[in-house]
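Breakdown of the fold
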Amino acid sequence: MTTIKEALDNESLTGSTVTVAGWVRTFRNDRFIALNDGSTIRNLQCVIDQEQVDAATRARFNTSASVRCTGELIASQGSGQRVEMKVTAVEVLGDSPADKYPIQPKKHSLEFLREHAHLRFRTNTYSAIFRIRHQVSFGIHEYFDRHGYNYFHAPIITASDAEGAGEMFRVSTLDAKQPPLNEAGDVDFNEDFFGTESHLTVSGQLQAETAALALGKVYTFGPTFRAENSNTTRHLAEFWMVEPEAAFMDLHGDMDLAEGLCKHLIARVLKNSMDDLQFLDARVKEEEAQKPQAQRSEMGLIERLQFVLENPFERITYDEAITILLRSKPYQKKQFQFPVEWGVDLQSEHERYLVEKHFKKPVIVTGYPAQIKAFYMRTNAPGDFGYSDKGKTVAAMDVLFPGIGEIIGGSQREERLDVLEARMDEMGVPKEELWWYLDTRKFGTVPHAGFGLGLERFVLFVTGMGNIRDVIPFPRTPGSAEF
RNA sequence: UCCCUGGUAGCUCAGCUGGUUAGAGCACCUGACUGUUAAUCAGGGGGUCGCUGGUUCAAGUCCAGCCCGGGGAGCCA
């Protein structure tokens, strides 16, 4: 069997007889089957001889019926394609009743297709997205492998709820109706499967740190769970996260790694997925044309990817970001909804201004105020990068992308035991639970750093899609876990 | 969770200040078609107007509550 990609691209196959199998996209003029097998966004035109294929069989070439065709690949007589198949044998493997099949050969809304998530892979848009998602995923492994990182499998289930990255899903085998109670009348998790209350992971970072302080360089890549009631176009309850962690790396190295990874992935997609990108590019352009002039982006999808690939990310400190925002037109005209002042977190509107209006390219912001960041981030001292005389800062870095906002959050980690413990006390993080984490600082601690990259947010950027639910096969969001 | 917005045929949508039998395009069904590119042409069928209650002689249209979708915000990746 030959894939349609091979049949179309491998010119040496022209003139030979091959067999292909796939799903019918359209059947035109009682003669032309546009066949797609997922190997490429392009279809193979299979031309049948009406004297060889009876009317009853021809009536079965409905949209999405599965068909196997054998025939000679010849130069196309029509103008829409280079080669086509002159079919000598055709077999319907699975019928697709046209009056029942919900996906029509026409433009559907993404909302409608989301409700048919199991069939949406059969559309051009989603097949393109998921081929690109594969390129990004594979590229992640490729990049880290080339840079000496070990793929590290952090646990999915964790007994610690001190990771500080949001609400967690509880994992339990206790009877939900009548859980065992302790003397105080609370649920007795000693009776639970793990002998303690346990949850799905919100981050593999803390475990990855322990491995980095032995293997040197590691990265995790797996599903992550947040039980936040977030209803936005860029949040999921189950998503995939990449978390590299490297010993002896400082914040500069962390930024270089993050930028290097992003560019590697973009380059890989540009190299391997051009026909999918061209389809999505046209799709984005069509969508942009619907918007009012002021909201249209200046670049097309492919253009934007090339631009990000070729230009260095802007690197600024939180101090500088605040200064830029205070001088900005929207601030002066009081168009920002949220206040801009040193010490408060940057809001979406502020990030968008910096990335989309001021710099017009990805921006890395470092040196955030300590009070708005996690306990494990390294506290800056005078002379440290990102130190500010306006207040206590940490060696954090957020990578902000146009249209998406935060795509990466990372930091140099606090390697000094006394500083780390003081910080944990200050923020109310239970040290007892994280005794194993603190051990890494007691025995041969070293400076180290890492970050978390949201896979779906990155795929969102690369595909030009607008809703994160469209770049993961079966999205899990509050109130929705179908399929 | 908050704010905005929507729910009418399989899909996308129209239906003005309440008033006969709720419309269109596409899809679907029947027929035609040996070079089509979301093929085309002719004909046909198809509706619990999200749910519940209320106002009214009369509700797709007005009011209330609920459910679901979309956009924005917060939380973050």
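Everything quoted here is computed from the prediction, not taken from an experiment.

**Section: the sheet that holds strand S10 (residues 217-225)**
Overall, mixed pairing links the eight strands, which are arranged S6-S10-S11-S16-S15-S14-S13-S12 in an open sheet. Edge strands, defined here as strands with exactly one partner in the open sheet, are strand S6 (150-151) and strand S12 (314-317).

**Describing the domain arrangement of chain A**
Assigned domains within chain A: domain 1 (4-101) and domain 2 (124-167 + 202-470). Measuring from the centre of the C-alpha atoms in domain 1 to the corresponding centre in domain 2 gives 45 Å. Taken together, the contact pairs six residues of domain 1 with six residues of domain 2. Interface area for domain 1 against domain 2, summed over the two sides, is near 500 Å², with a carbon-plus-sulfur share of 42%. Per-residue buried area on domain 1 facing domain 2 is highest for Arg 25, Gly 38 and Ile 41; these three make up 78% of the total on that side. At the junction of domain 1 with domain 2, the criterion picks out one salt bridge. For Asp 275, the salt bridge goes to Arg 42, with nearest N and O atoms at 3.2 Å. In this structure, the connection of domain 1 to domain 2 is made through four residue pairs in polar contact (both at pLDDT 80 or more).

**Some thoughts on the sheet that holds strand S5 (residues 83-94)**
Read around the barrel, five strands follow the order S1-S2-S3-S5-S4 and close on themselves; strand pairing throughout is mixed. Direction aside, neighbouring strands of the sheet carry axes that sit 55° apart on average. Bridge analysis of strand S2 (residues 32-36) against strand S3 (residues 44-47) gives four bridges, and the strand direction is antiparallel. Residue pairing for S3: Ala 34 is matched across the bridge by Gln 45.

**Here's the deal with the layout of surface pockets**
Space inside the second largest pocket adds up to approximately 760 Å³. The wall of the second largest pocket is formed by 36 residues, among which Arg 25, Arg 122, Thr 123, Asn 124 and Thr 125 lie closest to the centre. Secondary structure elements with two or more residues in the lining of the second largest pocket: strand S1 (17-28), S2, helix H3 (110-114), helix H4 (124-146) and helix H7 (274-290). Looking at the lining of the second largest pocket, the element that brings in the most residues is H4, giving six residues. Looking at the lining of the second largest pocket, its residues break down into 13 nonpolar, 13 polar and ten charged.

**Topic: helix H5 (residues 205-215)**
For H5, the set of buried residues is Gln 205, Leu 206, Gln 207, Ala 208, Glu 209, Ala 211 and Ala 212. Tucked inside the fold, the buried residues of H5 contact strand S7 (157-158), S10, strand S11 (238-247), helix H13 (435-442) and strand S16 (448-454). Where H5 ends, the next residue or the one after it, Gly 216, has phi of about 90°, a positive value.

**Brief notes about the pattern of salt bridges**
The full count for this structure, using the stated rule, is 32 salt bridges. Salt-bridge contacts for Glu 286 lead to Lys 107; the nearest nitrogen and oxygen are separated by 3.2 Å. Of this pair, Glu 286 sits in helix H7 while Lys 107 is found in the loop between S5 and H3, placing the two residues 179 residues apart along the sequence. With its nearest N and O atoms 2.7 Å apart, the salt bridge here joins Glu 414 to Arg 416.

**Some remarks on unusual backbone geometry**
Its identity is not glycine, yet Asn 29 carries a phi of approximately 55°, on the positive side. Tracing the sequence through the fold places Asn 29 in the loop between S1 and S2. Take Asn 29: its relative accessible area is 61%, and that puts it in the exposed class. Phi at Lys 334 is positive, roughly 55°, even though this residue is not glycine. Here Lys 334 falls in the exposed class, since its relative accessible area comes to 73%.

**A few points about the pairing of strand S14 (residues 393-401)**
Most of S14 is tucked away: nine of the nine residues are buried. Relative to S14, strand S13 (residues 363-369) runs antiparallel, the two sharing six bridges. Its bridge partner lying in S14, Val 363 is registered against Leu 400. Relative to strand S15 (residues 405-412), S14 is paired through six bridges, and the arrangement is antiparallel. The residue bridging Phe 401 from the neighbouring strand is Gly 405, located in S15. Hairpin connection from S14 to S15: three residues lie between these consecutive antiparallel strands, with Gly 403 at a positive phi of about 80°.

**So, a nonpolar patch on the surface**
Among the surface-exposed residues, Ile 156, Ile 157, Phe 193 and Phe 194 lie close enough to one another that they form a single nonpolar patch of about 380 Å² accessible area. Tracing the backbone through its elements, the reader meets Ile 157 in strand S7.

**Some thoughts on H13**
When we look at burial in H13, the residues that qualify are Tyr 437, Leu 438, Thr 440 and Arg 441. Buried positions in H13, seen along its axis, are confined to an arc of 140° and lie on one side of it. In this fold, the buried residues of H13 make contact with H5, helix H12 (417-427) and S16. Directly beyond the C-terminal end of H13, a positive phi value near 70° is found at Gly 444.

**What about empty space enclosed by the protein?**
Under the defined criterion, the tally for this structure stands at one cavity of 30 Å³ or more. Of the volumes computed, that of the largest cavity is approximately 30 Å³. Lining the largest cavity, in full, are Glu 351, Arg 352, Val 355, Glu 356, Leu 400, Phe 401, Gly 403 and Gly 405. Listed by contribution, the elements that provide at least two residues to the lining of the largest cavity are helix H11 (348-359) and S14. The element that contributes the greatest number of residues to the lining of the largest cavity is H11, accounting for four residues. Looking at side-chain class alone, the lining of the largest cavity contains three nonpolar, two polar and three charged residues.

**A few points about the pairing of S5**
Relative to S5, S3 is paired through two bridges, and the arrangement is parallel. What sits directly across from Val 47, in S5, is Lys 86. Note that strand S4 (residues 66-75) and S5 share ten bridges and pair antiparallel. Paired with Ala 75 across the strands is Val 83, a residue of S5.

Criteria and cut-off values
- Throughout, a residue's number is its position along its own chain's written sequence, starting from 1.
- For this description, chains carry letters from A and ligands carry numbers from 1, given in the order in which they are written.
- Whole-chain, interface and lining totals are the exception, using all residues; otherwise, since this is a predicted model, local features are given only for residues with pLDDT of at least 70 and side-chain atom pairs are given and counted only at 80 or more.
- Only hydrogens and water are set aside; all other atoms, that is, all heavy atoms of the structure, feed into the side-chain values.
- Paired strands, in this sense, are two strands between which DSSP finds at least two bridges.
- Put simply, DSSP marks the helices as runs of H or I at least four residues long and the strands as runs of E at least two long, and each gets a number from the N terminus on.
- Segmentation into domains, and thus their bounds, comes from an automatic or database assignment.
- We call two residues contacting when some pair of their heavy atoms lies within 4.5 Å.
- Summed over both partners, buried area is the accessible surface (1.4 Å probe) that two parts give up on being assembled.
- By convention in these notes, a salt bridge is any Lys or Arg side-chain nitrogen within 4 Å of a carboxyl oxygen on Asp or Glu.
- Each polar contact in these results corresponds to two N or O atoms within 3.5 Å; when the atoms are within protein, one needs to be able to donate a hydrogen and the other to accept it, and residues that are neighboring in sequence are counted only if both atoms are side-chain atoms.
- Fitted lines through C-alpha atoms give the axes, limited to the stretch in contact for helices. The angle between two N-to-C directions lies from 0 to 180 degrees.
- Here the term cavity refers to a set of points on a 1 Å grid, laid over the protein atoms alone, in which a 1.4 Å probe fits but cannot get out; the term pocket refers to an open set having protein on both sides within 12 Å along at least five of seven lines, with lining residues being those that place an atom within 4 Å of a point.
- Grid points are joined across faces, edges and corners, and a volume is the space filled by probe spheres set on the points.
- Three residue categories are used. Nonpolar comprises Ala, Val, Leu, Ile, Met, Phe, Trp, Tyr, Cys and Pro, charged comprises Asp, Glu, Lys and Arg, and polar comprises the others, including Gly.
- The buried label goes to any residue with under 20% of its type's maximum accessible area, the exposed label to any with over 50%, and the partly exposed label to all in between, with areas taken from a 1.4 Å probe on protein chains only.
- Patch criteria: residues need more than 30% relative accessible area and no salt bridge. Like-charged residues are merged within 9 Å; nonpolar side chains of Val, Leu, Ile, Met, Phe, Trp and Tyr are merged within 5 Å.
- Accessibility throughout is a Shrake-Rupley quantity obtained with a 1.4 Å probe, and a residue counts as covered only by protein chains that appear here.
- Starting at the helix axis, one direction is taken to each C-beta atom, and the arc is that of these directions.

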